[in-house]
Amino acid sequence: MSAQYPAQAQSHPKEVALSEYGELPGVEEVALSPSGDRIALVMKMEDTRILTFIGPDSSVIGSLNIGLLKLRNLDWVGEDHVLLITSQTEKLGPGFTTNLHEFTVAHIVPVGTGSTGEIVFANRRELVDRIFGYYGKRKVDGRWYAYFGAVVLEKISGPGTRLGHSFNHGRPFLYRVDVEDMSVRKIAASAQQGEDRDWLIGADGEVAATFEIDNESGDWRLYGDGQKTILKGRQREGRAGLVGLGYDGTSVIYWERDDEGLTKWHDVDLATGESKLFLDDVDVDRLYFDGTTGHLTGYLEGEGEKRAVFHDPKRSASAKNLKAAFPNLQMRMADWTSPFDTVLVRTSGNLDSGTWYKVNLGAGRADAFAYERLAIGPDEVGAISVVDYKASDGLEMDGILTLPPGREAKNLPVIMLPHGGPHSYDSASFDWWAQAFASRGYAVFQPNFRGSTNRSQAFRQAGYGEWGRAMQTDISDGLAVLADKGIVDPDRACIVGASYGGFAALAGVTLQQDIYKCAVAVAPVSDIRNMFNEDVRNDGRVRTTRNSLLLQLGPKDRWDEVSPLKNAEKASAPVMLIHGRDDTVVPYVHSHRMADALKDAKKPYELVPLEGEDHWLSLSSTRKQMLKAAVGFVEKHNPAD
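Residues numbered from 1 in each chain as written. Predicted model: local features only at pLDDT ≥ 70, side-chain atom pairs only at ≥ 80, totals over all residues. Heavy atoms only, no water.

K.L.:
Just checking my understanding: could you explain the state of the cysteines for this structure?
P.N.:
One way to say it: the disulfide is the covalent bond shared by the sulfur atoms of two cysteines. For the structure shown, the criterion picks out 1 disulfide. A sulfur-sulfur separation of 2.3 Å characterises the disulfide bridge that pairs Cys-494 with Cys-518. Taking the sign of the S-S torsion, 115 degrees for the link of Cys-494 and Cys-518, the bridge is right-handed. Here Cys-494, found in strand β34 (residues 488-498), pairs with Cys-518, found in the loop between α6 (500-510) and β35 (519-522); they are 24 residues apart in sequence, far enough to count as distant. (Disulfide = S-S within 2.5 Å. Helix = DSSP H or I, 4+ residues; strand = E, 2+ residues; numbered from the N terminus.)

This is the structure in structure tokens:
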């Protein structure tokens, strides 16, 4: 695709308060009931969240204040109950492999009753009132059930116990929950010590397939109904697992990394054990499954122009027409009914800061029902485009360019904004962080460097062992391309990022010198060796985790030379470190140690702790605090005007 750099439609856009970009979106999660008659959405209003239910005539049939719960998922279980999944950071006591953990909580909320609902497992003394995996919903004999992983407590007596129960192990059992009366039933046992276990639920509500893997040897087994072994193998990095049920529910799809390091999907007949490669010649972005049966229905092609392909050709045609109805926008089908007659669509991109539509495919009608950022109108959205370029070694890649509203795309100050992951990617959609910097006069470039997931598996694999190396120069190569085109001024560049992007920001001024005027690193990995040790320890020091990390990170003897912590004395520009105190993915100590190293090296830095914040910037107040600090730091060291 050739890059086009659209001119802004407006010459004098209004200035939007920076805090509006840092606000959580006005609509965070949306879900469609099985009939398509009802919509559930979580709306952000001032400092709280409201769970709202909309009926078939667009009238509000109920709402519920859910406070500042950190929302992770929203799903209908039947027409009258909604599943709300949230998370909370909790401290752990002695004997655990980590001090903090992000626990997931499931709430079953009855619609239109005004009731706040109940927390799953809260009424069972023998179960921890947290969930360890959501395995879907099914309707069986007229009743709706939801399926969750649960940790079972050991029944004992004596002081220091929880009503006669205490923690034994954290390997989850599989439980079924009746959403009407909240009764529970165990339907599958936990894995043995040293193993992991996963399940697929059939349309009948029973376990259709079980997958087990030994965390030391990598030996795995696939069982069918009745625990009959269907298939077995070995994957020493632990890179194997379940994907889902096949198109008609009589087969199961699993994935495994082959000897060349490529991930292969296999479709296995549950009755005969016959296995064949599945979608081996297709680059798949995601798979689509029916929410009430668990059966595969189609997939989204990943590379290039994404298109939805369904097992039913009529659905594919409908999806194609639906995409055509929203030209020049990033369009995502977020939810739909089983007959595929009603679809919820989210759009964003040029002139669109986030809009939700309910689409009636039969009537050919799309009705907008929610907007994510009302304060940021079409004229205030910076122009977004895809820029194709080649890295210095010739590898083809791309990045997302966001231009400041009302400014000519010429000789602009620039922010390089690499994504986290690193196995992720950026698309030509509205990005609140990129748009915030653009609103202050900066061009923003989000490079999809090698290791990103927007291209082939080979492209992703090209990032293995390249932290601080080719993955890093891919970013600065993108800067050079934009400078050659005359779009940006390479002497007025800063690098900003979070998580892996935070590592890249630190690497941009320590492993590389004199390219960037400043660096802002949010929740960054500052040392590869420390990250490796933390991940292995938190996962119980299992061999498969070690092998998998070594495959991605490369040989240990190369880590120190590309870890910013070990190269702090080489920092060539001021650094701002911003980190949540409750981060369970990249611990706060990564920023604390980096700040100490910069201080010892007498390098300019600032450290901004975010109290009560996690890795994902889930809270509006601290997200705005981060944005104010980051933009202020960049404006100080690399002013736009």
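From this point, the discussion proceeds with the structure in view.
K.L.:
I'm lost on the pattern of salt bridges in this one. Help?
P.N.:
Overall, the coordinates contain 37 salt bridges when judged by the stated rule. Residues Asp-80 and Arg-38 are paired through a salt bridge, measuring 3.4 Å at the closest nitrogen-oxygen approach. Linking Asp-80 in the loop between β5 (70-76) and β6 (81-91) with Arg-38 in the loop between β1 (27-32) and β2 (39-45), this pair joins segments that are 42 residues apart in sequence. Put simply, Glu-237 and Arg-236 hold a salt bridge, and the shortest N to O gap is 3.2 Å. For Glu-237, a relative accessible area of 14% puts it in the buried group. Residue classification places Arg-236 among the partly exposed residues on the basis of a relative accessible area of 48%. Overlapping salt bridges bring together Lys-70, Arg-72, Glu-102 and Asp-614 as one network. (Salt bridge = Lys/Arg side-chain N within 4 Å of Asp/Glu carboxyl O. Buried < 20%, exposed > 50% of the residue type's maximum accessible area, 1.4 Å probe, protein only.)

K.L.:
Whenever I open this one, the sheet that holds strand β10 (residues 143-150) confuses me. Can you help?
P.N.:
Hydrogen bonds between backbone atoms are what pair the strands of a sheet, whose relative direction is either parallel or antiparallel. Judged by pairing direction, the sheet is antiparallel, and its 4 strands sit side by side in the order β9-β10-β13-β14 without closing on themselves. Edge positions in the sheet fall to β9 (134-140) and β14 (184-188), since each has one partner strand and no second. Averaged over all pairs of adjacent strands, the angle between their axes in this sheet comes to 30 degrees, without regard to strand direction. With 5 bridges joining them, β9 and β10 adopt antiparallel strand pairing. (Pairing = 2+ DSSP bridges. Axes fitted to C-alpha atoms, helices over the stretch in contact; angles between N-to-C directions.)

K.L.:
Hey, could you run me through the side chain of Arg-440 in this one?
P.N.:
Within the secondary structure layout, Arg-440 lies in the loop between α3 (432-439) and β33 (443-448). We classify Arg-440 as buried; its relative accessible area is 17%. At a separation of 2.8 Å, a polar atom in the side chain of Arg-440 contacts the main-chain carbonyl oxygen of Val-16. (Polar contact = N/O pair within 3.5 Å; in protein donor to acceptor, adjacent residues only side chain to side chain.)

K.L.:
Honestly, α6 in this entry has me stumped. Any pointers?
P.N.:
Because an α-helix completes one turn every 3.6 residues, residues spaced three or four positions apart along the sequence face the same direction. Here α6 lies mainly inside the structure; 11 of its 11 residues are buried. Restricting attention to buried positions, one finds in α6 the residues Tyr-500, Gly-501, Gly-502, Phe-503, Ala-504, Ala-505, Leu-506, Ala-507, Gly-508, Val-509 and Thr-510. Buried residues belonging to α6 abut α5 (470-484), β34, β35, α7 (528-538), β36 (575-580) and α9 (589-600). (Contact = heavy atoms within 4.5 Å.)

K.L.:
Is there a simple way to explain the sheet that holds strand β20 (residues 251-257) in this structure?
P.N.:
Strand order in the open sheet made by the 4 strands is β19-β20-β21-β22, with antiparallel pairing throughout. Each end of this open sheet is capped by a strand with a single partner; those strands are β19 (240-245) and β22 (275-277). Pairwise comparison of adjacent strand axes, ignoring direction, gives a mean angle of 30 degrees for this sheet.

K.L.:
Honestly, the packing of α5 against α6 in this entry has me stumped. Any pointers?
P.N.:
A packed helix pair is summarised by two numbers, namely the angle formed by the two axes and the spacing between the axes. Running from N to C, α5 and α6 cross one another at 75 degrees; their axes reach a closest spacing of 10 Å. Judged by the inter-axis angle, α5 sits roughly perpendicular to α6. Along the contact surface, α5 presents Met-471, Gln-472 and Ile-475, while α6 presents Tyr-500, Ala-504, Ala-507 and Gly-508. The class makeup of the residues in the contact of α5 with α6 is 5 nonpolar, 2 polar and no charged. (Parallel < 35°, antiparallel > 145°, perpendicular 65-115°, else oblique. Nonpolar A, V, L, I, M, F, W, Y, C, P; charged D, E, K, R; others polar.)

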